[in-house]
Amino acid sequence: MTPAVFEDAMVWSSTAAPNSARNRTSQHGEDGIIGRIFSLFPQSPTPRFCVDVGAWDGKHLSNTYSLLCSEDPSMKWKGVLIEADRERFDELRALHSPINSSLPKILQRNSVPKDLDFISIDVDGTDYWLLHDLFDAGWRPKVVLIEFNPTMPIDLVYIQPRSDRVRHGSSLSALVELANKKGYTLVETTLFNAFFVMNELYEDHLADEVHDTSIEALHEVTTGTELYQLYDGTVKLHGCKRMLWHRSYAIDETKLQMVPSSERGFPFAPSSNDESIHQDDSRDEQIRASAINIASYCTDDFEDGAREKCRAKLYETLMTSGFALIRGTGMSGSTCRDCLRSAKSFLHEADEAVRRSTLTKDRARRGYSPICTENFASLVGKKGPNDLVKKTNVWPDATVWGEKEVEFFKTSIGDYYCGLCKVAESVLQAICEGITANDPKLKKPLEAIVKPCNDSNKPLSESHTSILTLLGYQPGTRHKRGSKGFMKPLVAAHTDVGVITVLLFDSGECASLQRAEDASSADPENSTWLDVDLPSIPADDPIFVVNVADCLSELSAGAVRSTLHRVVPRPFGDSKICRAVRTCLALFVGLEPNDCLTLPSGENMTYEEWRKKRIAKATSAMKE
Ligand SMILES: O=C(O)CCC(=O)C(=O)O
Ligand SMILES: [Fe+2]
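Residues numbered from 1 in each chain as written. Chains lettered and ligands numbered in written order. Predicted model: local features only at pLDDT ≥ 70, side-chain atom pairs only at ≥ 80, totals over all residues. Heavy atoms only, no water.

Per an unreviewed UniProt entry, the protein goes by the name Fe2OG dioxygenase domain-containing protein and belongs to Thalassiosira oceanica.

What follows is the structure, given as structure tokens:
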């Protein structure tokens, strides 16, 4: 055995033979263990016979030196020592009289008795095969000491290839299997040596001393390196952290990581955990910086010129992209968070029966996007025709979901709906003022949108048919790439029908909203798509996405455009972990069905007439 110092290994301790470990020349108490085993056997009338395969110089860390060179001449053993290293062999020759050749042949030629007493095998490689061949050739040593690779797990059966040039070593389990098959029992181990005794001798002389001969009982100490995984994808090491036979090399945890650090995180964590807040800090800050503060339109308390600045910015942003991020709405963060939470538990966590309980005969389809792309949507809004069907406050059944759940669902969604309808009014006011500031001719058509509120007791929000839709996205079959490497969108490219849409969504990564870079593009195939992102959790001043819908686009003669947008699946296994479900609250802001519209062309019609035409156009486009 090449001397190696196992600093990382635990100090050897044995449960089976606690007091016998003792070194004269051996490394880990083997001398004492061999002495103890033979002391339990009956005295031998003739000198005992041992073989040491891999004897080195015959003394250094030797397991047989104390037998062959015993100070007590009556105890003197005979033996054959075998060493492949030329220099070591020369030293060995100086110590004992030399003999040459290969194992069974050497033993044969040197008349080593088939029932020799002891063999020590330590050749740093083919040890397993030497023992195997020895057994096969009919030798039956009473005691075998053999080296195994101490870094291999104790339940691993590893046998190195049968070649002198291979230096792997074999596992303890592999040796135990071989020895057991040949009628031997494991009676002890040291750090990397195993002791086997013939079954008969074990039964007669050692069974009282070594009760449990399992590997687990006899090999407490390992120099193995275990690998385990943290929930966030970090690989950790336990045990020996240095290469044992190449000790200048550490086993470096940083080099063993499979998941890049940028992607580490728990894939199943709720999207609103502290860790994600922390990780997304700088991204969230960037998003906040790009959001337009509309506080001057949401409160009466604002500085001179604030409204002008706000509407100019909003107009400019919507003119170029059709999408804007807004903040300063006065909406409370907790109202937004509660509503998202409610929607998430309804859409993703509750039993299917809960969602089914909201279905009416005329289950709403939004109508303007192909039915196959429809997510489950629960519509909350004021009485009035929705896109294709009538739909009004539809709540889950309390007997199916539970009183408390339904109560929280109703309150959180109701509060959000009312608050956001008011915000939508303010946003519309700002947009329309921004448009007319640039083109006063559009004042007339836009009057239909920003009506003066005559009845001060009537909340603004009731003057239209805005509908809140709860959209849920989950990883599923659409996350698979098609033959061309594309994944079909979850919501096909479309424009929204009404006046504006106000969106709030969580950071569920399985899907993302994208808008066409070019607001005037009508061709989904040839558009460049840009992600529309929001902060991971609504802050105390929450940020919303506002996008222009078709009616506003038409009434403003295209001054602000309804821009193509879609929701696409984020693939598994790409650069992002994307298993988290996504929840989106979409407030589709519409007008009263009977509201009169004067289009820029001068044509007059009701909102409902206009909407029917718009849907008919979309439906026939879909059929083509
Ligand atoms: O889920 C989203 O982010 C928006 C969905 C959408 O565009 C729609 O439902 O009209
Ligand atoms: Fe949309």
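From this point, the narrative continues.
Novice: Explain a nonpolar patch on the surface residue by residue, including any values.
Specialist: Taken together, the side chains of Tyr 231, Phe 266 and Phe 268 present a nonpolar region at the surface, about 420 Å² in accessible area. Locating Phe 266 in the fold gives a position in the loop between β8 (235-239) and α9 (274-279). Accessibility expressed as a relative area gives 38% for Phe 266, which makes it partly exposed. (Patch = residues over 30% accessible without salt bridge, like charges linked within 9 Å, V, L, I, M, F, W, Y side chains within 5 Å. Areas by Shrake-Rupley, 256 points an atom, 1.4 Å probe, with all protein chains shown as cover. Salt bridge = Lys/Arg side-chain N within 4 Å of Asp/Glu carboxyl O. Helix = DSSP H or I, 4+ residues; strand = E, 2+ residues; numbered from the N terminus. Buried < 20%, exposed > 50% of the residue type's maximum accessible area, 1.4 Å probe, protein only.)

Novice: So, the pairing of strand β5 (residues 184-189): which residues are in play, and what are the values?
Specialist: Counting buried positions along β5 gives six out of six residues, so the element sits mostly inside the fold. Pairing of β5 with strand β6 (residues 193-198), which is carried by five bridges, proceeds in the antiparallel orientation. Residue pairing across strands places Leu 186 opposite Phe 196, the latter belonging to β6. Connecting β5 to the antiparallel partner β6 that follows it, the hairpin turn spans three residues. (Pairing = 2+ DSSP bridges.)

Novice: Outline the coordination of the iron ion (ligand 2), supporting the account with residue identities and numerical values.
Specialist: The reference angle at a metal is 109.5 degrees if four donors form a tetrahedron and 90 or 180 degrees if six donors form an octahedron. For the iron ion (ligand 2), the full set of protein donor atoms is His 494 (NE2), Asp 496 (OD) and His 565 (NE2), and the range of their distances to it is 2.1 to 2.2 Å. Sequence positions of the donors to the iron ion (ligand 2) reduce to the motif H-x1-D-x68-H. Of the two residues, His 494 is situated in strand β13 (residues 491-494) and His 565 in strand β18 (residues 565-569); the sequence distance between them amounts to 71 residues. This pair shows no difference in class: His 494 is buried, exactly as His 565 is. (Donors = N, O, S within 2.8 Å, 3.2 Å for Na, K, Ca; no water.)

Novice: Account for the pattern of salt bridges, with residues named and values stated.
Specialist: In the structure shown here, the tally under the stated rule is 19 salt bridges. Asp 541 is the salt-bridge partner of Arg 327, the closest N and O atoms lying 3.7 Å from each other. Taken together, the positions of Arg 327 in strand β10 (residues 323-327) and Asp 541 in the loop between β16 (529-531) and β17 (544-548) put the pair 214 residues apart, joining distant regions of the chain. Two residues, Glu 603 and Lys 613, come together in a salt bridge whose shortest N-O distance is 3.5 Å. Pair noted here: Glu 603 is in the loop between β20 (596-598) and β21 (604-606) and Lys 613 is in helix α19 (residues 607-623), with a separation of 10 residues, a long-range link. Glu 603 sits in the partly exposed class, given a relative accessible area of 38%. Among the charged side chains, a network of salt bridges with common partners joins Arg 48, Asp 117 and Lys 142.

Novice: Break down the packing of helix α5 (residues 127-136) against helix α6 (residues 172-181) for me, citing the residues and quoting the values.
Specialist: Each pair of packed helices gets described by two things: the angle between the helix axes and the distance between those axes. Interhelical geometry of α5 versus α6 gives an angle of 0° and a closest axis separation of 11 Å. For the element pair α5 / α6, the angle class is roughly parallel. Along its contact with α5, which presents Tyr 128, Leu 131, His 132 and Phe 135, the element α6 presents Ala 174, Leu 175, Leu 178 and Ala 179. In the contact of α5 with α6, the residues fall into seven nonpolar, one polar and no charged. (Axes fitted to C-alpha atoms, helices over the stretch in contact; angles between N-to-C directions. Parallel < 35°, antiparallel > 145°, perpendicular 65-115°, else oblique. Contact = heavy atoms within 4.5 Å. Nonpolar A, V, L, I, M, F, W, Y, C, P; charged D, E, K, R; others polar.)

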